[in-house]
Amino acid sequence: MRFSLRLAWRNLSRNRRRSVLTLLAVLLPVLILDLMWGFSNAVQRNLFESTTQLETGHLQVHRADYRQLQTGLPLIQNVTPVLQIIAQDPAIERFAVRLDLPALAAHGDRSRGVLLRGVRPGKAGQLSALDKWVRTGRPLKAGDRKVALAGSNLLKALHLKVGQSVILLSASLRTGTGVLIPKVVGSLAPPSPQLSRSIIELPLADARSLVHNPQAASSVVVLLKDISGPWDQSRIEREARSLQAKLGPDYLVETWAELAPATVGLFKIIQPLYLAFSLIFFLLGGLVVLNTLYLSVLERTRELGVVLALGSSRRRVLGWIEVEAVLLAGLGALLGSALGLALVGWGSLGFRLPGFYAEFVSIGLNNIFYLSISPAEAALSAGLMFVLALTAAAYPGWRAARLEPVEAMHFAG
Amino acid sequence: MKTVGAYGHAPLQRKNNVNGENRYKMTNELVVRTERLSKSYVADGIETPAVRGVNLKIRAGEFAALAGPSGSGKSTLLHLIGGLLRPTSGQVWIEQQALGGLTPDQLARLRLRRIGFVFQAYNLIPVLTALENTEFVMELQGVPEGQRRDRALELLSILEIAEYADRFPNKLSGGEQQRVAVARAVAARPALVLADEPTANLDSESGQKLMDLLRRLNHERGVTFLFASHDPRLLNQVERVIELHDGVIG
Amino acid sequence: MSRFYALTLLLLLMLPWAASAGEPRSGADLLACARHNWVTSSYHGSEDLKVFRADFSKEFRMEVWSAQENKQVMIRLLAPAAEAGSGYLLKGDQLWYYSPAAGQAVPLPSASLSQAFLGSDLNLEDLYRGTLSEQYTVKLAGSRKDKSGRLIDHLVLTPKPEAPVVYGRLELDLLDSNCAVLLMDTYDQRNSLIRETSFSDFVVRGGRVIPTKTISNDLLHQGNYSESTVDPSFELDIAIPPERFSLACLADDSQCGSP
Ligand SMILES: Nc1ncnc2c1ncn2[C@@H]1O[C@H](COP(=O)(O)OP(=O)(O)OP(=O)(O)O)[C@@H](O)[C@H]1O
Ligand SMILES: [Mg+2]
């Protein structure tokens, strides 16, 4: 075996350029795949975070019947018992109370249907506060009353300016009519233009005054501990079931995936796309390995003929070619992994893609990406390429083993 | 493979008794026997008879050569004897073993254990040093590393190239390369060494020197040699010349 | 609040008048006859609307004025106390809402027309579909006698192929003798019955037969229904000053002119 290894190693160093090329053919797909998966994970994490951090949380608690209720507001009339249970759950990192209300916003002779979001300004409301989207003016502050922030498209539609007051009307059968005339202190630029046309953020207490109930909430948004991306879904679901059991049948605990099916749908598009790309890289890498090993066998035909004439078994010859392939593929996969992981590690600190702000924002991404790759994915990209390279080497190896010694020795190559 | 394994290394175990005398001369043990051996090549539908009805016997310890003009079938006959080609008809026996019934792998085993080859040129494995090339066949045979090394170095010094042991073939002259090839063939302790035009690529001085060394191996170690050549310097050195004309011994 | 059912129905009835005397009456004739019961140049009355939900009910009281065949409508809420003083003004296809808390009339977006009015089982959308009648093909599907021996005609209204109509079909039961509509069934596009509306407690006033009680059942939501009662003291075909249908009046009763 040591002899075979030496022979293989010398053969590889004999034609350095070709060996380096083969090495690259293995190394590059692994490197590119690691980066691509790292980026795919970054995009997924980005989407996941912009969905969960600002919109859905990991979990949300609603009234059990909120999906069936068509009229009247699906409000939790008294949210305090829910909060007591949530506050004691060790798996929960933080939570926020939200009061989402359909309402009417009017200014002058214009009005629009809007979505009011009542949040607790400041630290407790972080999960819901739309601070990240504040474009002009200021975000909500703790202790704010009768102020609001509105989507910039909504401001345009209502001919409303920051500093002016807006009439908010909310009406429902159960709560009756509520009227509030807050001052607009800032504008919001959420990623979705549709949201920008309809969102109004205001202090939770103000939203509650519109429904004449100081305990009301439409949902409690929950962020769990140690969740980094959609790959943690099974843990999220487990926690949802456990929280549901604690809260009982009056409440419905849903995961972000149920609340944001569009994002889940996006993942379903991204994943096969990346898979297809990966496959192409693998195949190209495999073909280059096949080609170079085949050429190196062809070049050595005469010499292999001598070896066979001297009495080497075919298995042995096949073995040498395979050892060469193992060396090349192993080294390539190792180097590719090392480089790929180093780059992914570097990218895990977060980076921005210049010049794409609008494009990313329009599909709900933040223009800051954190690359990541799981050990399983890294092992898979290196392992798959390794196996593929060995498979590609099988053909030249088989060709070499099948040489007729006399003909091989007369081969003019 | 019991047929192959049965041969062992018996004749060479007695090396220490040699004392410069060729004790192996003229034993009656047949190393090679062929019977009505024929080989025709078929290319593009045209049949070329290269060897026709050859009956040949080579005894252990012989130092013989096949001679004849170019195209007379020397190489073909040598390859048939070495089990590198299958005859069209007839049979070859190596030490009583008929080659006809053996599978390619069995033939390879037989070559490995019993036959050494020296070819005209491009003999050596370019990525291995002279020493490693010499060890190569022994390595295939499974000879332990230390023993392998000793035997290889010994032969290299007999063949007067021990100082080049660590050189790669492309740093050796043609004559030196051929001597390494001979060392490789002999080190494996075969019953028979087949050498096809071993001097063809050498100048007369190197050719002469190589032949002297081969002769010495034949004398001192009882190695049986069968050459194919039309080089008169070689033919002058051998004990027996087998003339070949148009594939027929004449 | 039956005014709204009346308005809805009215739109259905705005079919080309095609009756010719003497011949047996067609579906279109019957519908036109029913429409006659509802065509008023003006109206003023007070109504109660009770909205029932599985676990909950709520009662509204309101005063309603209308003119120009319901092209102008003013609704003033009188009860419950929290809503008292607020009101709606409908002019053509524009709608305003006034709340004392807001202190000014607010224009409502057209989308609010399709939302549940005061949370009841009604929306205002249909009211503005002046062409609704032209969207339907009317057919007299049959006649029968009820328990008390009255002849009941059954009309089926199906949307014309290209009509932009949300409903799949409407079916009406009306009294053959005076064209009073007793029942209206609303079907969705998949032909399942989604709403059942019944009319009763008819009052004859000025040659018209007018129901004072309307019950509408939401069949998609168990236990959801609305009941409206018109005070019999309502007036028809009276003179209402045009200021009544102004934004000034909506915000301030003293600007409404004398009734
Ligand atoms: N692979 C082959 N296919 C077809 N014909 C062949 C093949 N090899 C050899 N021959 C023919 O067989 C005959 C014998 O060839 P061979 O190589 O045995 O001669 P040789 O005596 O060794 O000649 P030389 O001295 O030139 O090496 C020649 O006529 C040659 O053309
Ligand atoms: Mg020849």
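One can find the structure itself at the top, above this paragraph.
Residues numbered from 1 in each chain as written. Chains lettered and ligands numbered in written order. Predicted model: local features only at pLDDT ≥ 70, side-chain atom pairs only at ≥ 80, totals over all residues. Heavy atoms only, no water.

Peer 1: Help me understand the overall build of chain B in this model?
Peer 2: A tally of helices and strands in chain B yields eight helices and ten strands. Classification of the 250 residues of chain B by burial places 56% in the buried group. Restricting to contacts in chain B with at least 6 residues of sequence separation, those with at least 24 account for 73%. Surface exposure of chain B reaches about 10600 Å², of which carbon and sulfur atoms provide 47%. (Helix = DSSP H or I, 4+ residues; strand = E, 2+ residues; numbered from the N terminus. Buried < 20%, exposed > 50% of the residue type's maximum accessible area, 1.4 Å probe, protein only. Contact = heavy atoms within 4.5 Å. Areas by Shrake-Rupley, 256 points an atom, 1.4 Å probe, with all protein chains shown as cover.)

Peer 1: What is the right way to read the sheet that holds strand S2 (residues 46-59) of chain B from this model?
Peer 2: Strand pairs in the sheet, formed through backbone hydrogen bonds, run parallel or antiparallel to each other. All names here are of chain B. In spatial order, the strands read S2-S1-S4-S5; together these four strands make up an open sheet with antiparallel pairing. Every interior strand has two partners, whereas the edge strands, S2 and strand S5 (97-98), have only one. Taken together, the two bridges between strand S4 (residues 89-94) and S5 define a ladder with antiparallel strand orientation. Bridge pairing in S5 links Ile-94 to Gln-97. (Pairing = 2+ DSSP bridges.)

Peer 1: So what exactly am I meant to see when it comes to the pairing of strand S12 (residues 208-218) of chain C here?
Peer 2: Two faces belong to every sheet, and in a regular strand the side chains alternate between them. Residues and elements named next belong to chain C. With respect to burial, S12 is a largely interior element, eight of its eleven residues being buried. In this sheet, S12 lies alongside strand S11 (residues 193-205) in antiparallel orientation, the contact comprising ten bridges. For Arg-205, the partnering residue across the bridge sits in S12 and is Arg-208. In sequence, S11 turns back onto S12 through a hairpin of two residues, with Gly-206 there showing a positive phi of about 55°. Two elements, S12 and strand S13 (residues 225-230), share five bridges in a ladder whose sense is antiparallel.

Peer 1: Teacher, can you tell me more about the nonpolar core here?
Peer 2: For soluble globular proteins, nonpolar side chains are generally found buried alongside one another. If you look at the biggest cluster of nonpolar residues, it comprises 78 residues, and the most contacted ones within it are A:Val61, A:Leu116 and A:Ile200. Considering each element in turn, this core owes the most residues, eleven residues, to helix H2 (residues 16-56) of chain A. The residue makeup of this core includes at least three contributed by each of domain 1 (2-50 + 264-412) and domain 2 (59-226) of chain A. When sequence neighbours within four positions are dropped, the list of residues in contact with A:Leu116 reads A:Leu99, A:Asp100, A:Leu101, A:Ala103, A:Leu168, A:Ile200, A:Leu202 and A:Leu210. In terms of nonpolar packing, the next biggest core, distinct from the first, is built from 57 residues, A:Val297, A:Leu304, A:Trp320 and B:Leu78 among them. (Core = buried A, V, L, I, M, F, W, Y, C linked by side-chain atoms within 4.5 Å. Domains from an automatic or database assignment.)

Peer 1: Is there a simple way to explain the interface of chain C and chain A in this structure?
Peer 2: Where interface size is given, it is often the accessible area lost as the parts come together that is meant. Taken together, the 21 residues of chain C in the interface contact 20 residues of chain A. The junction of chain C with chain A conceals about 1500 Å² of combined surface from both sides, 64% of it contributed by carbon and sulfur atoms. The interface formed by chain C and chain A holds zero salt bridges in total. On inspection of chain C and its partner chain A, the count reaches three residue pairs in polar contact (both at pLDDT 80 or more). Grouping the amino acids of the side of chain C that touches chain A by side-chain chemistry returns twelve nonpolar, five polar and four charged. (Buried area = accessible area lost by both parts, 1.4 Å probe. Salt bridge = Lys/Arg side-chain N within 4 Å of Asp/Glu carboxyl O. Polar contact = N/O pair within 3.5 Å; in protein donor to acceptor, adjacent residues only side chain to side chain. Nonpolar A, V, L, I, M, F, W, Y, C, P; charged D, E, K, R; others polar.)

Peer 1: Could you clarify how one ought to interpret the site of ligand 1 in this entry?
Peer 2: Residue and element names in this part refer to chain B. Close to ligand 1 lie Tyr-41, Ala-50, Pro-69, Ser-70, Gly-71, Ser-72, Gly-73, Lys-74, Ser-75, Thr-76, Glu-197 and His-230, which account for all nearby residues. At a separation of 2.5 Å, an oxygen atom of ligand 1 approaches a polar side-chain atom of Thr-76. Considering ligand 1 on its own, with 630 Å² of exposed area, one finds that the protein chains cover 63% of that surface. Residue contributions to the shell around ligand 1 peak at three residues, all from helix H2 (residues 74-81). Its residues assigned to classes, the shell around ligand 1 comprises three nonpolar, seven polar and two charged. (Near = heavy atom within 4 Å.)

Peer 1: Explain the packing of helix H10 (residues 301-309) of chain A against helix H11 (residues 314-347) of chain A to me, please; I cannot follow it from the model alone.
Peer 2: Pairs of packed helices are described in terms of their axes, by the angle between the two and the distance that separates them. Residue and element names in this part refer to chain A. Relative orientation of the contacting elements H10 and H11 amounts to 140°, with a least axis distance of 10 Å. Seen along the crossing, H10 lies across H11 with a hand that is right-handed. Counted together, Leu-304, Val-307 and Leu-308 of H10 and Arg-314, Val-317 and Trp-320 of H11 form the full contact between these two elements. (Axes fitted to C-alpha atoms, helices over the stretch in contact; angles between N-to-C directions. Left-handed = near helix turned anticlockwise from the far one by under 90°.)

Peer 1: How do you make sense of the interface of chain A and chain B when you look at a structure like this?
Peer 2: Each partner contributes residues to the interface: chain A has 23 residues there, and chain B has 26 residues. For the chain A and chain B pair, buried surface summed over both sides reaches about 2200 Å², with 65% attributable to carbon and sulfur atoms. Its largest share of buried area at the contact with chain B, chain A owes to A:Phe3, A:Arg10 and A:Leu310, together 30% of the area lost on that side. Between chain A and chain B we count three salt bridges in total. Two residues, A:Arg6 and B:Glu132, come together in a salt bridge whose shortest N-O distance is 2.7 Å. For the interface between chain A and chain B, the tally reads six residue pairs in polar contact (both at pLDDT 80 or more). Counting residues per element, the ones that place at least two in the side of chain A that touches chain B are helix H1 (2-14), H10, H11 and helix H14 (405-409) of chain A. Among the elements that make up the side of chain A that touches chain B, the one with the highest residue count is H1(A) (seven residues).

Peer 1: What exactly am I supposed to notice about the pattern of salt bridges here?
Peer 2: When the charged atoms of two side chains lie near each other, side chains of opposite charge can form a pair. Scanning the entire structure with this criterion turns up 30 salt bridges over all chains. A salt bridge links A:Glu299 to A:Arg18, with the nearest nitrogen and oxygen atoms 3.1 Å apart. Here A:Glu299, found in helix H9 (residues 261-299), pairs with A:Arg18, found in helix H2; they are 281 residues apart in sequence, far enough to count as distant. By relative accessible area, A:Glu299 is classed as partly exposed at 43%. With relative accessibility at 16%, the residue A:Arg18 sits in the buried group. With a closest N to O distance of 3.4 Å, B:Glu160 and B:Lys209 form a salt bridge. Remark: B:Lys209 occurs in helix H7 (residues 204-221) and B:Glu160 occurs in the loop between helix H5 (145-158) and helix H6 (174-187); sequence separation between them is 49 residues. Take B:Glu160: its relative accessible area is 40%, and that puts it in the partly exposed class.

Peer 1: Help me understand unusual backbone geometry in this model?
Peer 2: With the exception of glycine, most residues fall at negative phi, and the peptide bonds are largely trans. Here C:Ala79 and C:Pro80 are connected by a cis peptide whose omega angle stands at 0°. Inspection of the secondary structure puts C:Pro80 in the loop between strand S3 (72-79) and strand S4 (87-91).

Peer 1: Would you explain helix H7 (residues 233-247) of chain A in this entry?
Peer 2: Turn by turn, an α-helix covers 3.6 residues, leaving residues three or four places apart pointing in a common direction. All names here are of chain A. Compared with an ideal rise of 1.5 Å per residue, which puts 15 residues at 21 Å, H7 spans 21 Å between its outermost C-alpha atoms and is within 8% of the ideal. Listed in full, the buried residues belonging to H7 are Gln-233, Ile-236, Glu-239, Ala-240, Leu-243 and Leu-247. Down the axis of H7, the buried side of the element spans an arc of 120°, and every buried residue falls inside it. Among the exposed residues of H7, those pointing more than 90 degrees away from its buried face are Arg-241 and Ala-245. In the stretch just after H7, Gly-248 is the one whose phi turns positive, near 85°. (Expected span 1.5 Å × (residues − 1). Arc of directions from axis to C-beta.)

Peer 1: Teacher, can you tell me more about the state of the cysteines here?
Peer 2: All names here are of chain C. Under the defined criterion, the tally for this structure stands at two disulfides over all chains. The disulfide partner of Cys-33 is Cys-179, and the gap between their sulfur atoms is 1.8 Å. Between Cys-33 and Cys-179 the sulfur-sulfur dihedral comes to about 95°; the bridge is accordingly right-handed. Taken together, the positions of Cys-33 in helix H2 (residues 27-36) and Cys-179 in the loop between strand S9 (169-175) and strand S10 (181-187) put the pair 146 residues apart, joining distant regions of the chain. Looking at chain C, its bonded cysteines, counted consecutively from the start of the sequence, adopt the pairing 1-2, 3-4. (Disulfide = S-S within 2.5 Å.)

Peer 1: Can you walk me through the packing of aromatic side chains in this structure?
Peer 2: The geometry of an aromatic ring pair comes down to the distance between the two centres and the angle between the two planes. All names here are of chain A. Here the structure, examined in full by the defined rule, presents twelve aromatic pairs over all chains. Look at Tyr-294 and Tyr-395: their rings are 5.7 Å apart centre to centre, the planes differ by 25°, and that puts the pair in the stacked class. A residue pair is termed long-range when its members are at least 10 positions apart, and Tyr-294 in helix H9 and Tyr-395 in helix H13 (residues 375-401) qualify at 101 residues. For Tyr-294, a relative accessible area of 22% translates into the label partly exposed. Put simply, the rings of Phe-48, Trp-256 and Phe-267 touch in pairs and so form one group of aromatic residues. (Phe/Tyr/Trp six-rings, centres within 6.5 Å; stacked < 30°, edge-to-face > 60°.)

The quantities given are spatial measurements derived from coordinates; they are silent on function.
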